[in-house]
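Take a look at the letters that make up each chain.
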Amino acid sequence: MKWDGYRLAIHVAGKQVRIITRGGHDWTPRFPTIAHDALELGVDSAILDGEAVVLDKRGASDFGALQKALGGRGGKRFAAEARLYAFDLLYLNGHDLRDQPLTERREMLADVLAAQPHASISLSEEIDAEGSAFLKRACELGLEGIIAKRRSAPYRSGRGGDWLKIKCIQSESFAIIGYEPSTIALGGIGRLLLAARRDGELVYVGGVGTGFTQTSGTALRKLMDKLVIPHAPIRMPDRKKRYRWAKPELIAEIALRGWTDDGKLRHASFKGLRDDADEAAVFKIGE
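Residues numbered from 1 in each chain as written. Predicted model: local features only at pLDDT ≥ 70, side-chain atom pairs only at ≥ 80, totals over all residues. Heavy atoms only, no water.

A. Geometry of the layout of surface pockets. Computed from the structure, the second largest pocket encloses a volume of approximately 1,100 Å³. Phe63, Gly64, Gln67, Lys271 and Gly272 are, among the 39 residues lining the second largest pocket, the residues nearest its centre. At the level of secondary structure, the elements contributing two or more residues to the lining of the second largest pocket comprise helix H2 (63-70), strand E9 (170-181), helix H5 (214-225) and strand E17 (269-274). Considering each element in turn, the lining of the second largest pocket owes the most residues, six residues, to H5. (1 Å grid on protein atoms, 1.4 Å probe; cavity = no way out; pocket = protein on both sides within 12 Å on 5 of 7 lines; lining within 4 Å. Points joined across faces, edges and corners; volume = space filled by probe spheres on them. Helix = DSSP H or I, 4+ residues; strand = E, 2+ residues; numbered from the N terminus.)

B. Molecular detail of the side chain of Arg274. Here Arg274 lies in strand E17. From its side chain, Arg274 meets the backbone oxygen of Gly5 in a polar contact 3.5 Å long. (Polar contact = N/O pair within 3.5 Å; in protein donor to acceptor, adjacent residues only side chain to side chain.)

C. Structural detail: the nonpolar core. Residues Ile10, Phe31, Ile34, Leu48, Leu66 and Leu89 are the most contacted members of the largest nonpolar core, which totals 33 residues. In this view, Leu48 contacts Leu8, Ala9, Ile10, Leu41, Ala86, Asp88, Leu89, Leu109, Leu113 and Ile121; residues no more than four positions away in its chain are not counted. Judged by nonpolar contacts, the second largest core, of 23 residues, contains Tyr179, Ala196, Val208 and Leu250. (Core = buried A, V, L, I, M, F, W, Y, C linked by side-chain atoms within 4.5 Å. Buried < 20%, exposed > 50% of the residue type's maximum accessible area, 1.4 Å probe, protein only. Contact = heavy atoms within 4.5 Å.)

D. Quick peek at the environment of Thr183. Mapped onto the fold, Thr183 is located in the loop between E9 and strand E10 (189-198). The class for Thr183 is exposed, based on a relative accessible area of 80%. Thr183 sits 100 residues away from Phe283 along the chain, and the two C-alpha atoms are 31 Å apart.

E. Seen up close, the pairing of strand E3 (residues 45-53). Judged by how many residues are buried, E3 sits mostly within the fold: nine of nine residues are covered. Here eight bridges tie strand E1 (residues 6-13) to E3, and the two strands are oriented antiparallel to one another. Following the sheet pairing, Arg7 is matched in E3 by Glu51. One ladder, built from eight bridges, connects E3 with strand E4 (residues 83-92); its direction is antiparallel. If you follow Gly50 over to E4, its bridge partner there is Ala86. (Pairing = 2+ DSSP bridges.)

Structure representation (structure tokens):
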């Protein structure tokens, strides 16, 4: 399954544990339950690769709920209710496992997690199924999507061809370049203005006006108002409306159903803000 949360590496060394984000930030204090349970796995040393999530009532991962637990982008709260779905093991008791095939690494990971079961750390189980049927079922259940992995592959950092990510609903990250104020919309945001990258430059890809709550919309508007600038940060096709422009420093995760013929987002919905610690990258058109 594809989990919708924060990718983390859990480093265990003796009686110490460090939880490191994809962007290299130490978030150990922000996941106290996972940190506590990692120390009780009964290993001398280990590095686990996985995804921290908060589950909804159906048992599906909810990115918005995880962000809320952490206090939003740049927040300082801790998510005691978060759990880790571990899907790989890079290091165990002094041995570097990265050159071992994925199947062997996962067998060792399963053994480690089975020896000392804890509620907050679980094995992200593999499903032996035909890909298209499995994806269809995942989408019918309203889940995020699936991941396909090459069983024989060694572990390699960064993005490569050994993993394939297939989403039920397309979800991408876009830079926020401003918003349309509203006196009646939730949080005072009528519509967020978004940009993607093309040939190294930010280009306008439309807006999003759904997915906010009163609380999340108000918090987002306060963040954007700290970044207000007098003019549009990129070239805009429509300058007639009353927009409030912002430095393109905030990155929004947006669910979308596709693209219009003129290159704008279709049926978009706001999911949350990506944090610098998650090494969020603005969507590149053409990739």
